[in-house]
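The primary structure of each chain is shown beneath.
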Amino acid sequence: MPRHTFKLNGKRVHVNVPNDVHLLWVLRDVLGVNGPKYGCGLDVCKACTSHINGKAFNPCCVPVSKISADDEITTIEGLPDTVGKDLHPMQEAWLEMDVAQCGYCQPGQIMAAVAKVKEAKAAGREITDADLDDIRNICRCGTYHRIREAIQAGAKAM
Amino acid sequence: MTVMEPTRRRFIAYLVAAPTVVAAARWADASTGGGTAPSPIPSAPGAADTYDLNDLLTDSAKPTANMITVTMNKDGTASFALPRVESGQGITTSTAMIIAEELDLPVGKVRVTLADARPELMMNQFTAGSNTTISTYTPIRSAAAAAKQQMLLTAADELGVPVHRLTTHDGVVHAPDGRTMSYGVLAEKGAATTSREIDVTLKPVAQFKVVGQPHRRVDALEAVTGRKKYTLDHDVPGALPTMICRPPTIQGTPKKVHNLATVKGMPGITDVAMISNGVAVRGQTFGQCIEAVRALKVTWNPGTVDKDSDQTFLAELKAAELPMAPPPPGASVVDEAFTFYWKSNTALEPQTAIADVRKDGVTIWSSLQAPIFTQKQVADLLGFSTDQVKVHVTNSGGAFGRRMFSDVVLEACEASKKFGKPVKLMWHRTDEFRAGRMHPMCISHVRASYSGGSVLNFEQRHTSVATDWSMGFGEPITAGGASGPVAQSPIHGNYNYSQTVWNLTVNVPYNFGQVDHAIQEIRDYTVMKSGSVRNLYNADAAVARELVVDQLAKAMKIDPYAFRDAFLKDDASRSVLKAAAKAAKWGRSMRPGTAQGIAFHSEYHGRIACVAEIDARPSTINRKKRQAVTGPRVTRITIAVDVGLPINPKGIQAQMMGGAMDAIGQILTESLHLKDGYFLEGSWDDYYYTRQWNAPFDVNVIVMPATSESPGGVGEFPIAVTKSAVACALTRATDKLPSYFPINHLDPLPFEPFPTEPSIPPSPNDGLHRKGE
Ligand code: FES
Ligand code: FES
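Predicted model only: the values in this text are computed from it and were never measured.

A. Fine view of the nonpolar core. Membership of the largest hydrophobic core comes to 174 residues, with the highest contact counts inside it found for Trp94 and Ile151 of chain A together with Trp342, Phe512 and Met528 of chain B. No other element matches helix α20 (residues 717–734) of chain B, which puts 9 residues into this core. The next biggest cluster of nonpolar side chains, apart from the first, holds 53 residues, and it includes Ala96, Met97, Ile140 and Val205 of chain B.

B. Region of the structure containing the domain arrangement of chain A. Residue and element names in this part refer to chain A. Assigned domains within chain A: domain 1 (3–74) and domain 2 (80–157). Between the C-alpha centres of domain 1 and domain 2 the distance comes to 21 Å. If you look at the interface, domain 1 gives 13 residues, while domain 2 gives 12 residues. Summed over both sides, the interface of domain 1 with domain 2 buries roughly 1,000 Å², with 63% coming from carbon and sulfur. On the domain 1 side of the contact with domain 2, Lys46, Thr49 and His51 bury the most area, a combined 36% of that side's loss. Between the two partners, domain 1 and domain 2, sit 0 salt bridges. At the boundary of domain 1 and domain 2, one finds 4 residue pairs in polar contact (both at pLDDT 80 or more). Grouping the amino acids of the side of domain 1 that touches domain 2 by side-chain chemistry returns 5 nonpolar, 6 polar and 2 charged.

C. Focus on the environment of Tyr144 of chain A. Examined against the element boundaries, Tyr144 of chain A turns out to sit in helix α5 (residues 144–157). The buried category is assigned to Tyr144 of chain A, whose relative accessible area is 0%. Put simply, Tyr144 of chain A and Leu132 of chain A are 12 residues apart on the chain and 9.6 Å apart in space, counted from C-alpha to C-alpha. Look past the residues within four positions of Tyr144 of chain A in its chain and what remains in contact with it is Asn137, Ile138 and Cys139 of chain A together with Met661, Tyr689, Thr690, Arg691, Gln692 and Ala695 of chain B. Within polar-contact distance, the side chain of Tyr144 of chain A engages the backbone oxygen of Thr690 of chain B at 2.6 Å.

D. Quick look at the sheet that holds strand β22 (residues 442–451) of chain B. Residue and element names in this part refer to chain B. Here we have 5 strands laid out as an open sheet, ordered β24-β23-β22-β15-β31, and mixed in their pairing. A strand with exactly one partner marks an edge of an open sheet, and here the two such strands are β24 (514–522) and β31 (740–741). In this sheet, strand β23 (residues 454–465) lies alongside β22 in antiparallel orientation, the contact comprising 10 bridges. Residue pairing in the sheet places Ser451 in a bridge with Ser454 of β23. Packed onto the sheet, helix α15 (residues 538–555) meets β15 (332–340), β22, β23 and β31 and runs at close to 150° relative to β15.

Definitions and limits used
- Residues numbered from 1 in each chain as written.
- Chains lettered and ligands numbered in written order.
- Predicted model: local features only at pLDDT ≥ 70, side-chain atom pairs only at ≥ 80, totals over all residues.
- Heavy atoms only, no water.
- Core = buried A, V, L, I, M, F, W, Y, C linked by side-chain atoms within 4.5 Å.
- Buried < 20%, exposed > 50% of the residue type's maximum accessible area, 1.4 Å probe, protein only.
- Helix = DSSP H or I, 4+ residues; strand = E, 2+ residues; numbered from the N terminus.
- Domains from an automatic or database assignment.
- Contact = heavy atoms within 4.5 Å.
- Buried area = accessible area lost by both parts, 1.4 Å probe.
- Salt bridge = Lys/Arg side-chain N within 4 Å of Asp/Glu carboxyl O.
- Polar contact = N/O pair within 3.5 Å; in protein donor to acceptor, adjacent residues only side chain to side chain.
- Nonpolar A, V, L, I, M, F, W, Y, C, P; charged D, E, K, R; others polar.
- Pairing = 2+ DSSP bridges.
- Axes fitted to C-alpha atoms, helices over the stretch in contact; angles between N-to-C directions.

Below, the structure is given as C-alpha cells:
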C-alpha cells in the first residue's frame, strides 16, 4: 500500500492508503479528523473546505497522491494555531454574530471566509459584496446573511 | 400590546428517589399545559391516562418512565435529556433557557442533551410541525420548578430559615443574614429517598429574566471549531463506511448483481450484498465505497413512476381539481391558478445512520425526527421486540422534514444484518436528490369575487400529488382516539391524514365573506417518496392566497398594505402587519424594475408579516456565475413576527432569516424536474437552492413583544409568508403574475444531468486547480 506523508495542522502525518482515495476520506475515515464535512464529493457544496498552503481547497476532489510531502493542510481544527490563539478572529466573529444553526456547513464556511479575506488583503483591498457573492458554500439552514456580516467583522480583526 | 396577567396556576410534579435532586413532570401534560389556542397537530391524551403516581412509586427501577426529568448535579449544573432532535432550530438553547429561568441558574450551567428513543413517551417524541416549544414548555418548567422547590425546602431546613425568606440567584440560595448554600450542595442534601407527587407554582411571566432575552446558541463554540458531532463523527468500533448503489428510476429495486465478486475484491472493500433498495457496499473509506458503487453492474426492476414526467402529473392534477361554486351573479371575479413544482427536502448533511445488528438486538445512531416510530419499524424488520432496539438520537446537519422518515436506518440495519458487521451508512448527494424525499407537485387554484368595497367569497382548490404523512404525523392524528378527527370518519388511510393536516393548518386570515377551501390528492402516497419541506401545505397554498389578495387589491384599486390592513380579522394581526410595513418603509419610491411586496400569514399559534424588496432589472437578472442561476435578486427582507411568548428572540430571528432563504429559492430558482421516472437533478449545482449570490443584502426581523403566556411555533413559520412576499414583489416589479413556481422551472435546463447508471457520479480529481473558488 502506498505511503503518503504531508503536514496536517502543524504536524507531520503518514498514512498508508491507495493513491486514488480522495483526501477528504483520508482525513475523516483514516485520520479521524472530522471538522471537514461531506456534503457532495463533487466540489460543489464546499462543506469540506480546508486550506492547502494557506489557500482554500476542497479535499473531496483531490486524490491523496497529489498532496506532496511539503504541502501544509489546515482543517478547521488547525485554524486557531495559524494565529497562535484559542480561536481565529473569524471564529470569534462567527460566535459574535451567532451565525451557526445546525452548524454542518460552518467549518467549511469559516475556512472559505478566511481564505477570501486573505485574498482581498493580499490584493490590498477590503472585502466587497461581490467577493461575498462569489462564495459558493451551501448553507441549507440559510445563515447567509449572518455569514456576510461575520466575514466583514472577522476581516476587520484579521 | 399587553401581556396577559400572570396566572398562578398550580402544576403537579414529582420528586424522584435518586442520589441527587431529580424532579419530574408528566410529558403528556404537554397536551394540556399552559396553552389556550388549539395546537396545529392534535396532541394525544395518551400517557397520562395510562400511568399514574402508583405506577411511579412501584416501578422504582424505572422511576421516570413516562416522565421527563430535570436532574440537579453535585457540580451545581442541571441536566435534561430532551426528547426531540436538534437540527439547527435552536431547541437545545431555548430549552436550556426555560430551565435556567425556572431554576434561577445561569444558562451555561444547564446541560441539554438529546434523549434516546423512549417508546413510553408514545407520540410525544416527534420533532415536527414547529411544535417542540409549544408542547414541551409547561412540563419542562414544572420539573425545573419542582427541583428548585426541593432545594429551597432543603436549604430552609439546613439554615433554619423559613423558606419564604430565602432567595435564589445564579444557582445559589441566599438567607437574609447573608449565609448561602449552592445548588451543588443542595442537589445532594435534598435528594429524595422515596418518590412522591408534589404541587409546584411556576414563576410568573412578569418575573422572567432569561426567557424573552436574546441568547446565543449553546452549541455555537462546538460548531465553529468543528467539534460538534453529527452521526458520521461518532466512532463506533467496527462500523465501517457503507454506501448503496441505487436503481436508475424512483423506487426501482435490484434484480441481479452481475459482478459481486469482482467488486468485493476492489481495494478497501470488505462486503457487498443486495438489500431491498439496492446493493450495499462496505469498505475502509467512503471514497472506496463510491468507487465500488460505480463499478457495480446491476439489473434493476422498474420503479413506481417509470412512465411519468412533470407533464403527466400536471395533466392529472388539472383533471382532478374539485369543482368550485359559481360566483355570485353580478360580482367581479379574480380567478388564478398556480403550479408549484417538486422541491427536495434534503439537508446539507445527507442521510446517515450507524447500525450494529447482533443476534439479540441492535444499536442505532441516527438523527431522527420520529425515533419511536423508527424503533418500531426496525423491530418489525429484524423480528425484535422494541426493547431490543436501542436508538440513540444524534444532532442533525439539518432536517427540514426529511428526517421524519426512517429509510436510512432500515437500510443500515439490513446491511449490518447481511454483513454480520456494524455499518456507518451514508447517502451520496446524488442519492439525496434522486432517491430522496420531495415536497409534492401541486396546483393551488383560488377564485374570489368582489363587489364595491367587499370581498364576497373566497374559494381555494388545492390539488396535490399525495403527501406521505404515514411516518409520525399519522400517529398523533390517529391517536386522537374516539374524539380524534380521523376516528370520526368511516374512511381510514392517508387521505384522512391529508384532510386533517389541511384543515388544521390552512386558513384565510381575512374577512372575505364566504370562505371555502379544500384539498384533493392524486395517486397513492407511496407512489412518490413525498414529504414536507420545512412547512406543510401552506408553503404553497398561502402563496396562492396572498398572490390573489394582491390581485384583489389591484382590481379594487387599493394599496396591498392598506387592503390587508382593512380586511385582516383582528387587531393583533394588524399590528404585526403594521410593524413590518413601518420597518420596511412600505410604499417608499422604488426604481423601475424593482418593487416591494407584502404578505401576511397566521399559523403555529402566531402571526407573521413580511415585506420583500426585489430587483428584477436586466442588469441583475443577467448576472453571470459559473454553474448557477442568478435571476431576480431579493435585496431586502423585513419580517415582523408574533410568536405569542418569545423564548429566545435571537433564535427566532435566525429561524426567520433561514426560512426567507428557502422562500427565495422556492419562488425563484429551486425545483426538481421529473423525467421518465427519475429526477434530473443530482447536485447543488443543478438543484438551485439559494446561494450567496441570491441572498439579500439586508435582513431585518422584528420579534413582537409577548402577546401570550405560552410560546408558539417558530421553525416552519416564516416559509409561507416570505415566499408570498417574494412572489408578490416579483409580480409588482415585472407587472406579470407568474403561473408557476419556481419561475425558472420551464427554462431550458441550465445543466447536463448526471447519468442514472451508475447511480452516483465520480468525484473530480482536479480540486487543486480550482483552489476552492
Ligand atoms: S463535500 Fe467537498 S465540496 Fe461538497
Ligand atoms: S448551519 Fe446548517 S447548513 Fe449551514
